[in-house]
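# Architecture and fold: a report
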Amino acid sequence: QVQLVESGGGLVQAGGSLRLSCVASGRAFDEYLMRRYNMGWFRQAPGKEREFVAGISRSGGVTTYADSVKGRFTISRDNAKNTVYLQMNTLSPEDMTIYYCAAKYNGRWDSTYDAPSDYNYWGQGTQVTVSS
């Protein structure tokens, strides 16, 4: 198994920025294993279904974004650090919810995935709060 731990959430004013991190770990987990995983970020508000935010290919060369965050959020990965990031700029109260990191084992090298059912592993989430 792979364990995912998110961090970096917190309280920001509308228009501000946050950078979320997701660290992957496990038995003998290393940079080689990290490159086996397509990665994504999702968010879920109370009473609503999990929503795709951003995805990144195993290669790191392909990224996709939900329309609601295009131009504001950037997903990236540093396989040597076993870490995926989500840079969030120009935050609004509509972005206020819990954000989850997800990993899909052995997907296509240069593809991204946007359905929760595509992913095998999930983190526990990190809370993002945006004040007005």
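Everything below is about the structure printed above this text.
Read on for a plain summary of the structure. (Residues numbered from 1 in each chain as written. Predicted model: local features only at pLDDT ≥ 70, side-chain atom pairs only at ≥ 80, totals over all residues. Heavy atoms only, no water.)

### Side note on the overall build of the protein chain
The helix and strand tally for the protein chain stands at one helix and 11 strands. In sequence order, the secondary structure elements of the protein chain are arranged as β-β-β-α-β-β-β-β-β-β-β-β. Taken over C-alpha atoms, the radius of gyration comes to 14 Å for the protein chain, in line with the 14 Å a tight globule of 132 residues would show. Its C-alpha atoms give the protein chain principal-axis dimensions of about 45 × 25 × 25 Å. Taking all 132 residues of the protein chain together, 42% fall into the buried category. Total accessible area on the protein chain stands at roughly 6,800 Å², and carbon and sulfur atoms take up 45% of it. Across the protein chain, the 14 positively charged side chains and the 12 negatively charged ones have centroids separated by 5 Å. (Helix = DSSP H or I, 4+ residues; strand = E, 2+ residues; numbered from the N terminus. Rg over C-alpha atoms; globule rule 2.2 N^0.38 Å. Buried < 20%, exposed > 50% of the residue type's maximum accessible area, 1.4 Å probe, protein only. Areas by Shrake-Rupley, 256 points an atom, 1.4 Å probe, with all protein chains shown as cover. Lys, Arg positive; Asp, Glu negative; His and termini not counted. Charge placed at Lys NZ, Arg CZ, Asp CG, Glu CD.)

### Concerning the state of the cysteines
Using the criterion set out here, one finds one disulfide in the structure. Each disulfide pairs two cysteine sulfurs, and for Cys-22 the partner residue is Cys-101, the sulfurs being separated by 2.0 Å. Every disulfide takes its handedness from the sign of the S-S torsion; for Cys-22 and Cys-101 that torsion is -75°, giving left-handed. Highlighted residues: Cys-22 in strand E3 (residues 18-25) and Cys-101 in strand E9 (residues 97-105), separated in sequence by 79 residues. (Disulfide = S-S within 2.5 Å.)

### Things to note about the pairing of strand E8 (residues 83-88)
For E8, the buried fraction is high: five of the six residues fall into the buried class. In this sheet, E8 lies alongside E3 in antiparallel orientation, the contact comprising six bridges. Following the sheet pairing, Ser-21 is matched in E8 by Tyr-85. One ladder, built from six bridges, connects strand E7 (residues 73-78) with E8; its direction is antiparallel. The residue of E8 that forms the bridge with Asp-78 is Thr-83. From the end of E7 to the start of E8, which pair antiparallel, there are four residues, and Asn-82 there has a positive phi angle of about 55°. (Pairing = 2+ DSSP bridges.)

### Regarding the pattern of salt bridges
Counted under the stated rule, the structure contains five salt bridges. The partner of Glu-31 in a salt bridge is Arg-35, and the shortest N-O contact between them spans 2.9 Å. Look at Glu-31 and you get partly exposed, because its relative accessible area is 37%. With its nearest N and O atoms 3.1 Å apart, the salt bridge here joins Arg-43 to Glu-51. (Salt bridge = Lys/Arg side-chain N within 4 Å of Asp/Glu carboxyl O.)

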